[in-house]
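# Geometric and topological summary
Residue strings, one per chain:
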2 protein chains.
Amino acid sequence: MSKTAEIVAIGTELLLGNIANTDAQVISQALSEIGINVYFHTVVGDNPQRIIQALELAKKRADIIITTGGLGPTYDDITKETVAGCFGLKLVRHEETVERLHSFFKERGAKYTANNESQAMLPEGCTVFRNDWGTAPGCAFEAGGSTVIMLPGPPSECVPMLKFCAVPYLERFADAVMVSRNIRVYGMGESAMENAVRDLIVSMENPTVAPYALTGECRLRVTAKAATREEAYALTEPVIKQLTDRLGDVVYGIDVESLEETVVSLLRENNCTLATAESCTGGLLSGRITSVPGSSAVFLGGICAYSNDVKTGLLNIDREVVEKHGAVSAEVAVLMAENVRRLMKSDVGVGVTGVAGPGESENKPAGTVFVAVSSGEYGSEVAELKLGSGRERVRSLSVLRAMDMVRRHLLNWRQR
Amino acid sequence: MSKTAEIVAIGTELLLGNIANTDAQVISQALSEIGINVYFHTVVGDNPQRIIQALELAKKRADIIITTGGLGPTYDDITKETVAGCFGLKLVRHEETVERLHSFFKERGAKYTANNESQAMLPEGCTVFRNDWGTAPGCAFEAGGSTVIMLPGPPSECVPMLKFCAVPYLERFADAVMVSRNIRVYGMGESAMENAVRDLIVSMENPTVAPYALTGECRLRVTAKAATREEAYALTEPVIKQLTDRLGDVVYGIDVESLEETVVSLLRENNCTLATAESCTGGLLSGRITSVPGSSAVFLGGICAYSNDVKTGLLNIDREVVEKHGAVSAEVAVLMAENVRRLMKSDVGVGVTGVAGPGESENKPAGTVFVAVSSGEYGSEVAELKLGSGRERVRSLSVLRAMDMVRRHLLNWRQR
């Protein structure tokens, strides 16, 4: 039977929205990987009564309680005394920590002020988690049927102490290993995707399948549980195959980071080079492609042709075409793709022109975008998008579509 | 007496650590600004019993409950029926939403599948929050002494709906108005900035002053509380003046969205045009500048010269210079800035070349970046940056520095 854990983050700065609770995310990921279920996260301020309330609740609904924050030396750091009190434990002075703190301050030429002493006070009988990334130690103890772990709040301390102290401490409770894999989908909405595979989602128990929406794309997560990582991975394999067969070519990758990663891989596989010509996306397309390490082997460069003079000058597009059809037109998009390909001597060229908004342009509403892809081998193709409003949304959806058109264009190469 | 709110985030993906609960952060900030106290955040999965448990608890300990997530069309989106059930309300079909969804799908040429219908089912008598950033509407209602608000989970929908729908709905509960203003700083670290104004931060009560670190830059937030927005704003004025006088020209703006907004404003004020030439940043610089609405009046275009052939070809940089000094050199950065300015006939040109990493290039370690700015009036200047590791970090810090160099170059215009 799987153990359950609850994460209780302590700190008024979280309730004021000064920081996001990224610790809970990292801890949840780590617990999920060792098969410990998390049913609740709670965030509570530096207030003893409300901390006690949160702890009493967590005691009832989870086997393992992990707190973050409130271990430091200042007056509002009250986690240890409050948690220890809740479990009827006293705080005792941990000599090793006192010594470590003294040398920590000495090394940095800083003064060891009296309030630092409180960081060495820990629940009696606990396992001390030495903090090599800061001053306040963490700890773990078992009491009243609960396992309690306390970690510092700053992510630069919490994350390594989770990995090197808390996870090794918790691994004895792990009854299984979970492996999650992701099928990445572009060109089908979350609800359409779910409809297409609903029978599989509903019927599966191990692995489980869950749909998620991302900006402009979506994914299916396949999660299997088994005694070992290898067994769990093997369980996902037939399900991944079944789902990708069903979904077809809207699947752009399995366990890849992004569409740009797939595009760069396809370019490399096919020994193809790419160049971009962008208007409304202003360089975001080339920016995303070059975010992939190693993209320099296949990406030659781009022209951000924001003004019409750059389109007709540097990009050599006939002024008459721009005047007749408008800068936001299928004709101009195609010429952008073709001309940038010739200018940069790349195998594939892509052109994007549109109205990012707010407000219309050339009598075309915001969200009107033309994307063209061109190669010597397979000619040019162009798509007209109607993306609605939201300047950054229009721009990033255009970038995604441009990358997917390049991907589909490259599938031709693969099949020849 | 201030009202209290609890944020209940619903979504198994949060408990698995797939995403951080950034919605809770943004909502907490917004509530804090209108004087509503938040004492707890709860995160719960897509499980009806546990959602009910979280809601019953929130009912007892807060006046206002704000849920996020679970409003979408798929089988695991159960927030509305569960919340409505908890307050004894039925879901009814909201015709306006049905119509909006139909046109949403029609405009995008996508299929309206039956499961989308569930998004138009809303608690009887609720105030519907129209979603102009996605499909699922939000809503608000009063029942059993509680105020309940439901917002979608994706931050791209949750954040604007919070601002345009939820905050206006909640403002009637605010007992005072808080006004927060931001002093934006580039070129000084958070701790140096805090040291420079520490006496002011510590002594102030209304307004309060708080320092925050952002990626590569930082800000000081000045927050005043008063009976009206005008009074609160007036309280911030002398403090803003005192702080900006103290900090000097590292302050790039007050209450601006970003450094790119300041750059575009300065270009417009001075009737100047800009062009960019980018290597390691791959178009991210032009991408950020063109994110500012109206940038087309001052930004002509850019060249992403990723391969050396594009640098020596299209950008017309002497091959010998590249061979002698390397593509990552002060000399090449200056020529990139000068040549793109001439090619695009802009007043100011900016060039960025560097090693984004991972791994060195041309015997230069990752993080070595040269940024140059050039204009006919004030000549060229170049900076060498040593940014350390992390490909995306190096690229975004380079973009920030390039924008700040353009800003400082433009201050010359202003002073003439």
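Scoring rules and cut-offs
- Residues numbered from 1 in each chain as written.
- Chains lettered and ligands numbered in written order.
- Predicted model: local features only at pLDDT ≥ 70, side-chain atom pairs only at ≥ 80, totals over all residues.
- Heavy atoms only, no water.
- Disulfide = S-S within 2.5 Å.
- Buried < 20%, exposed > 50% of the residue type's maximum accessible area, 1.4 Å probe, protein only.
- Salt bridge = Lys/Arg side-chain N within 4 Å of Asp/Glu carboxyl O.
- Helix = DSSP H or I, 4+ residues; strand = E, 2+ residues; numbered from the N terminus.
- Pairing = 2+ DSSP bridges.
- Contact = heavy atoms within 4.5 Å.
- Buried area = accessible area lost by both parts, 1.4 Å probe.
- Polar contact = N/O pair within 3.5 Å; in protein donor to acceptor, adjacent residues only side chain to side chain.
- Axes fitted to C-alpha atoms, helices over the stretch in contact; angles between N-to-C directions.
- pLDDT = per-residue confidence, 0-100.

Moving on, we get to the state of the cysteines. Residues and elements named next belong to chain A. The full count for this structure, using the stated rule, is zero disulfides over all chains. The thiol of Cys-86 is not disulfide-bonded; the next cysteine sulfur, from Cys-139, is found 14 Å away. Classification of Cys-86 by relative accessible area gives buried; the value is 13%.

The next subject is the pattern of salt bridges. All names here are of chain A. Tallying each qualifying case throughout the model produces 37 salt bridges over all chains. The closest approach of N and O atoms between Asp-255 and Arg-181, which form a salt bridge, is 2.8 Å. Separated by 74 residues along the polypeptide, Asp-255 in the loop between β12 (251-254) and α9 (259-269) and Arg-181 in strand β9 (residues 177-185) bring together distant segments of the chain. Several salt bridges converge on common partners, so that one network encompasses Asp-249, Asp-404, Arg-407 and Arg-408.

Attention now goes to the pairing of strand β10 (residues 208-214) of chain B. Residues and elements named next belong to chain B. In terms of strand pairing, β10 meets strand β11 (residues 217-226) through seven bridges, oriented antiparallel. Bridged to Pro-211 within β11 is Leu-220. The hairpin turn running from β10 into β11, its antiparallel successor, is two residues long, and Gly-216 in that turn takes a positive phi close to 75°.

Contacts between the two partners involve 70 residues from chain A, matched on the other side by 67 residues from chain B. Surface buried jointly by chain A and chain B totals about 5,400 Å² across both partners, of which 56% is contributed by carbon and sulfur atoms. Where chain A packs against chain B, one counts zero salt bridges. Linking chain A with chain B are 32 residue pairs in polar contact (both at pLDDT 80 or more), by the criterion used here. Pairing of strand β14 (residues 299-305) of chain A with strand β14 (residues 299-305) of chain B, which is carried by five bridges, proceeds in the antiparallel orientation. Bridged to Gly-301 of chain A within β14 of chain B is Ala-305 of chain B.

A separate point is unusual backbone geometry. For the peptide bond that leads from Gly-357 of chain A to Pro-358 of chain A, omega is -5°, which places it in the cis range. If you check the backbone angles, Asn-271 of chain A has positive phi at about 55° while not being a glycine. The backbone of Asn-363 of chain B sits at a positive phi, close to 65°, despite the residue not being glycine. Structurally, the position occupied by Asn-363 of chain B is in the loop between β15 (348-354) and β16 (368-375).

Residue and element names in this part refer to chain A. If you trace the four strands from one edge of the open sheet to the other, you get β10-β11-β9-β12, paired in antiparallel fashion. The sheet is open, and its two borders are formed by β10 (208-214) and β12, each paired with just one other strand. Neighbour-to-neighbour, the strand axes of this sheet turn through a mean angle of 25°, independent of strand direction. In this structure, β9 lies alongside strand β11 (residues 217-226), joined through nine bridges in antiparallel fashion. Across the sheet, the residue bridging to Met-178 is Lys-225, located in β11. Of the strands in this sheet, β9, β10 and β11 touch helix α7 (residues 190-203), which is tilted by about 180° from β10.

Residues and elements named next belong to chain A. Residue position: Thr-236 is located in helix α8 (residues 229-247). Under the relative-accessibility criterion, Thr-236 is labelled buried at 0%. Of the polar contacts made by the side chain of Thr-236, one reaches the side chain of Arg-181; its length is 3.1 Å. Sequence-distant contacts of Thr-236, that is, excluding residues within four places in its chain, are made with Val-179, Arg-181, Pro-207, Val-222 and Ala-224.

Let's shift gears to the sheet that holds β15 of chain B. The strand order across the open sheet built from ten strands is β17(A)-β16(A)-β15(A)-β13(A)-β14(A)-β14(B)-β13(B)-β15(B)-β16(B)-β17(B), with neighbouring strands paired in mixed fashion. Pairing within the sheet leaves two strands with one partner each, and these edge strands are β17 (379-386) of chain A together with β17 (379-386) of chain B. Within this sheet the neighbouring strands show an average axis-to-axis angle of 10°, counted without direction. As judged from the eight bridges shared by β16 of chain B and β17 of chain B, these two strands associate in the antiparallel manner. Following the sheet pairing, Val-371 of chain B is matched in β17 of chain B by Ala-383 of chain B. Across the sheet, helix α13 (residues 330-344) of chain A lies against β13 (274-278), β14, β15 (348-354), β16 (368-375) and β17 of chain A together with β14 of chain B, angled at about 145° from β15 of chain A, the strand it touches most. Strands in contact with helix α13 (residues 330-344) of chain B are β14 of chain A together with β13 (274-278), β14, β15, β16 and β17 of chain B; relative to β15 of chain B, the strand with the most contacts, it is inclined by about 145°.

Looking at chain A, pLDDT values average 93 and 99% of them are 70 or higher. The complex model carries a pTM of 0.80, and its ipTM stands at 0.80.

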